[in-house]
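What follows is the residue order along each chain.
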Amino acid sequence: MKYVMSYRAVEDFLPLARQHYPAHAARVDEFRSRGVLLMVGTFDEPMNGDAMGVFTTRQAAEEFVAGDPFVANGVVASWSVRPWTEILQPG
């Protein structure tokens, strides 16, 4: 079981995202180095700032969101964490 965190960005996200990206990227690196963040990225079509991350536990996903500068500084309008059952795994 994995946990997918989804972000929905505010409409005019780009100026805020640029301003807070260094701190957000540091948080991504921290969680990746701990081994609890497996993947993270933005959606390209449409390119509206929406993003997702895949975490090993719900606790890690919620901890990430709770301290993410994008959430704290208004880049993210809403977020969710949902359980995800992997069917096909690398073998």
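The structure we're discussing is the one just above.
Residues numbered from 1 in each chain as written. Predicted model: local features only at pLDDT ≥ 70, side-chain atom pairs only at ≥ 80, totals over all residues. Heavy atoms only, no water.

1. Considerations on the layout of surface pockets
Inference 1: Within this model, the largest pocket holds a volume of roughly 380 Å³.
Inference 2: If you go around the largest pocket, you meet 22 residues; those closest to its centre are Tyr 21, His 24, Thr 42, Ala 51 and Phe 70.
Inference 3: Taken together, the elements giving at least two residues each to the lining of the largest pocket come down to β1 (2–9), α1 (14–33) and β2 (37–42).
Inference 4: Broken down by element, the lining of the largest pocket gets its largest block of residues, eight residues, from α1.
Inference 5: In terms of residue class, the lining of the largest pocket is made up of 15 nonpolar, four polar and three charged. (1 Å grid on protein atoms, 1.4 Å probe; cavity = no way out; pocket = protein on both sides within 12 Å on 5 of 7 lines; lining within 4 Å. Points joined across faces, edges and corners; volume = space filled by probe spheres on them. Helix = DSSP H or I, 4+ residues; strand = E, 2+ residues; numbered from the N terminus. Nonpolar A, V, L, I, M, F, W, Y, C, P; charged D, E, K, R; others polar.)

2. Focus on the pattern of salt bridges
Inference 1: The tally for this structure, following the rule as stated, stands at seven salt bridges.
Inference 2: For Glu 86, the salt bridge goes to Lys 2, with nearest N and O atoms at 2.6 Å. With a gap of 84 residues between them, Glu 86 in the segment after β4 (76–84) and Lys 2 in strand β1 connect regions that are remote in the sequence.
Inference 3: Take Glu 86: its relative accessible area is 21%, and that puts it in the partly exposed class.
Inference 4: The class for Lys 2 is buried, based on a relative accessible area of 18%.
Inference 5: Between Glu 62 and Arg 58 there is a salt bridge whose closest N-O contact spans 3.5 Å. Here the residue Glu 62 and the residue Arg 58 both occupy positions in helix α2 (residues 58–67), the gap between them amounting to four residues, near one helical turn.
Inference 6: Note on Glu 62: relative accessible area 36%, which makes it partly exposed.
Inference 7: Taken together, the salt bridges that share partners define one network made up of Arg 27, Glu 30, Arg 34 and Glu 63. (Salt bridge = Lys/Arg side-chain N within 4 Å of Asp/Glu carboxyl O. Buried < 20%, exposed > 50% of the residue type's maximum accessible area, 1.4 Å probe, protein only.)

3. Looking at the sheet that holds β2
Inference 1: An order of β2-β3-β1-β4 is seen for the four strands of this open sheet, with the pairing classed as antiparallel. Strand pairing shows two members of the sheet lacking a second neighbour, β2 and β4, which therefore form its edges. This sheet shows a mean twist of 15° between the axes of neighbouring strands, independent of strand direction.
Inference 2: The pairing of β2 with strand β3 (residues 51–55) spans five bridges and is antiparallel. Looking at β3, one finds that Thr 42 is bridged to Ala 51. (Pairing = 2+ DSSP bridges. Axes fitted to C-alpha atoms, helices over the stretch in contact; angles between N-to-C directions.)

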